[in-house]
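# Coordinate inspection notes
Next come the chains, spelled out residue by residue.
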Amino acid sequence: MAPRSLRPGRDGGAPDAAGTAATGGADPAGPRRAVVVGGGISGLLAARELALGGLAVTVLEAGTRFGGSVGTHRVAGLDLDSGAESFATRSPAVAALLEELGLAADIVQPAAAGAWLQLPGEDLAAAAQPMPAGGIVGIPADPSAPEIVRAIGRDLAARAALDRVLPAGAAARRPGMSLGELVRTRMGEQVLRRLVSPVVSGVYSADPDVLDVDSVAPGLREALGREGSLAAAAASLRSAAPAGSTVASLRGGMGRLSRALEDQLRSAGAVLETGIRVDSLVRTEQSWEVGAEGRRWSADAVVLATDGPTAVDLLSPLPGLPALPDDARPAPGPGVALVTLVLDQPALDAAPRGTGMLVAREVEQVAAKALTHATAKWQWLADEAGPGTHVLRLSYGRALGPDDLASSADRAAFLPDDELFAQALADASALLQVPVGADDVVGWDVVRWTGALPSAAVGHKARVAAVRDAVGAVPGLEVVGAWLAGTGLAAVTADTRRRAAGLLAQLGTI
Ligand SMILES: Cc1cc2nc3c(=O)[nH]c(=O)nc-3n(C[C@H](O)[C@H](O)[C@H](O)COP(=O)(O)OP(=O)(O)OC[C@H]3O[C@@H](n4cnc5c(N)ncnc54)[C@H](O)[C@@H]3O)c2cc1C
């Protein structure tokens, strides 16, 4: 794409001195105005695209900073990612954006060591093994491969291989199926529990029996129909992705992406406000009015870039919007807590479990669902930390099954900070098989994310389609974000750019 230049816009979306709306509709003499609600990556990116298209843009963010799930925290003098720490390279979307932002030279690949899988067993060391490669969302491309036989045993691997002879028909044709049901039917319970569940739990904090297969593995059912087996479908989706590592990041951390977008918007004259929790959206004859605690902003176009429940609450009372289905409002996402430990512990120099571990739910001795050995994964960080210093990040908020969704089955994510810290030390020691004590810790932090990982429960794809149809019928309105596009920077980047381009075309500015 040819580079476009950002033009300064007037701050037409800002409220007037009395704190009420900048009056009236669009000023035919000035640039059109857009208000973006939510300043996560989707909101910042939508704002950037609209600013590039010549609109005067205002971004309203409820929190105290921009970037949403992509941010930075400082622990023991190191700037570390507090949320997302990498992006999927299956599509070129994020790399292309980074290039446009002048960050391409700082894209880094993770260490080749790869991640490990902690399977249940009395002896945790014996039950740990390198993560099988080659499949998608943990579904093996070859159930007879030695690492799969090691993970689930010879008999169950033979059961999994039955997938190759089972007729593909019903599952391939049935939308609204859970990932769990699909994998269980084709390959058996143990493939689901030992291989798939740890992977999806790491990404979605949800049990595969709850997750809509079409949302978390788009194209998998179609590939099953085409290829005749789930293993072949996984292999075919995997081979469609570029060779090499499946993720990449930025030297200095993914938080740089948020900062680069924010900086670019500011230097283009966009108005960026934090501490504004938008609570109303109204369509007047000539413009939109966005409201928050008595303040109002008027605009020619509005982009909602919040979480799903908030977006549906803002959309639901909107006159002129086709009725949304009763179940349009997604459940709030699960609570996740991340404990970062910066340790002086040279025994970890050997990276005993590669770049980190995914933990099967059935592992009783450990409460964490995943551990990232960040200094083993990212060389730039190892260089910054220095010899013998290590950064570990443990995630809490384990997968909940359909039966415990309403309960607090995973209490670990809600423990007070000091208890969670103690738990993280115990979990790190058990998973890495290296004793990690409070004396080794040079800094630590707990970051809690509430509702940041959108629910992708069965029926989600249909819900998304219904919301998009309704929003598409209203001029000057767009909705973006991970709850619609799918979790992850690759999904939100590609989708947000597409949606922003559509809105610009609709406004006749390109
Ligand atoms: C802990 C964690 C780790 C992750 N790791 C990775 C990873 O390694 N790789 C990857 O690709 N993806 C990862 N993800 C997912 C990825 O970060 C998200 O999919 C993506 O950042 C979502 O961006 P978003 O803008 O759609 O939503 P968000 O980042 O959630 O932003 C939404 C914003 O809207 C604001 N908002 C909500 N309501 C209002 C309101 N009423 N008024 C104004 N503002 C409002 C919120 O405060 C928030 O800032 C991770 C997510 C989390 C939580």
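Keep in mind it's a predicted model, so treat the numbers as computed, not measured. (Residues numbered from 1 in each chain as written. Predicted model: local features only at pLDDT ≥ 70, side-chain atom pairs only at ≥ 80, totals over all residues. Heavy atoms only, no water.)

### Regarding the site of the ligand
If you check the shell around the ligand, you find 31 residues, and the closest are Ser 42, Glu 61, Ser 69, Ser 86 and Leu 489. Note that an oxygen atom of the ligand is positioned 2.6 Å from one of the side-chain N or O atoms of Glu 61. Interatomic distance of 2.8 Å between a backbone N/O atom of Leu 489 and an oxygen atom of the ligand. Summarising the interface, the protein chains cover 87% of the accessible area of the ligand, which totals 1000 Å² for the free molecule. Of the residues belonging to the shell around the ligand, the class tally is 15 nonpolar, 12 polar and 4 charged. (Near = heavy atom within 4 Å. Polar contact = N/O pair within 3.5 Å; in protein donor to acceptor, adjacent residues only side chain to side chain. Areas by Shrake-Rupley, 256 points an atom, 1.4 Å probe, with all protein chains shown as cover. Nonpolar A, V, L, I, M, F, W, Y, C, P; charged D, E, K, R; others polar.)

### Thoughts on the domain arrangement of the protein
A common way to state how big an interface is: give the accessible area lost once the parts meet. Per the domain assignment, the segments of the protein are domain 1 (33-68 + 252-330 + 456-507), domain 2 (131-240) and domain 3 (334-450). Domain 2 and domain 3 are separated by 27 Å when their C-alpha centres are compared. Taken together, the 12 residues of domain 2 in the interface contact 15 residues of domain 3. Contact between domain 2 and domain 3 buries roughly 1000 Å² in total, counting both sides, with carbon and sulfur atoms accounting for 60%. Here domain 2 is connected to domain 3 by 1 salt bridge. In this structure, Arg 361 and Asp 207 form a salt bridge, with 3.7 Å as the shortest nitrogen-oxygen distance. At the surface where domain 2 touches domain 3, the tally comes to 1 residue pair in polar contact (both at pLDDT 80 or more). Along the lines of polarity and charge, the residues of the side of domain 2 that touches domain 3 split into 6 nonpolar, 3 polar and 3 charged. (Domains from an automatic or database assignment. Contact = heavy atoms within 4.5 Å. Buried area = accessible area lost by both parts, 1.4 Å probe. Salt bridge = Lys/Arg side-chain N within 4 Å of Asp/Glu carboxyl O.)

### Some remarks on the packing of aromatic side chains
As enumerated under the stated definition, the model contains 1 aromatic pair in all. Arranged with centres 4.1 Å apart and planes meeting at 20°, the rings of Phe 421 and Trp 444 form a pair that is stacked. Within this pair, whereas Phe 421 is found in helix α15 (residues 417-432), its partner Trp 444 is found in strand β19 (residues 441-450), the two being separated by 23 residues in sequence. Among the residues examined, Phe 421 registers a relative accessible area of 13% and is labelled buried. (Phe/Tyr/Trp six-rings, centres within 6.5 Å; stacked < 30°, edge-to-face > 60°. Helix = DSSP H or I, 4+ residues; strand = E, 2+ residues; numbered from the N terminus. Buried < 20%, exposed > 50% of the residue type's maximum accessible area, 1.4 Å probe, protein only.)

### Description of the sheet that holds β19
Taking strand neighbours across the sheet as the criterion, the 7 strands line up as β8-β7-β16-β17-β18-β15-β19 in an open arrangement whose pairing is mixed. This sheet does not close on itself; its edge strands, each paired only once, are β8 (128-130) and β19. Neighbour-to-neighbour, the strand axes of this sheet turn through a mean angle of 20°, independent of strand direction. In the packing of helix α7 (residues 189-204) onto the sheet, contacts are made with β7 (116-118) and β16 (356-359), and the angle to β16 comes to roughly 110°. (Pairing = 2+ DSSP bridges. Axes fitted to C-alpha atoms, helices over the stretch in contact; angles between N-to-C directions.)

### As for a nonpolar patch on the surface
Nonpolar side chains collect at one region of the surface, where Leu 162, Val 165 and Leu 166 lie side by side and expose about 250 Å² of accessible area between them. With respect to the element layout, Leu 162 can be found in the loop between α4 (154-161) and α5 (169-173). (Patch = residues over 30% accessible without salt bridge, like charges linked within 9 Å, V, L, I, M, F, W, Y side chains within 5 Å.)

### A closer look at the side chain of Ser 178
Within the secondary structure, Ser 178 is located in the loop between α5 and α6 (179-187). Looking at Ser 178, the relative accessible area reads 6%, which means it is buried. A distance of 2.9 Å separates a polar atom in the side chain of Ser 178 from the backbone nitrogen of Glu 181.

### Regarding the side chain of Lys 369
By the element assignment, Lys 369 lies in the loop between β16 and β17 (370-373). The exposure class assigned to Lys 369 is buried, which follows from its relative accessible area of 2%. A polar atom in the side chain of Lys 369 sits 3.0 Å from the backbone oxygen of Ser 201. Not counting residues up to four positions away in its chain, the partners in contact with Lys 369 are Ser 201, Gly 202, Ser 205, Met 357, Leu 358, Val 359, Ser 395, Tyr 396, Gly 397 and Arg 398.

### Things to note about the sheet that holds strand β6 (residues 107-108)
Read across the sheet, 3 strands follow the order β5-β9-β6 without closing on themselves; strand pairing throughout is antiparallel. With one partner strand each, in any of the chains shown, β5 (87-88) and β6 form the two edges of the open sheet. As paired strands, β6 and strand β9 (residues 247-250) are joined by 2 bridges and run antiparallel to one another. Along β9, the bridge assignment pairs Ile 107 with Leu 250.

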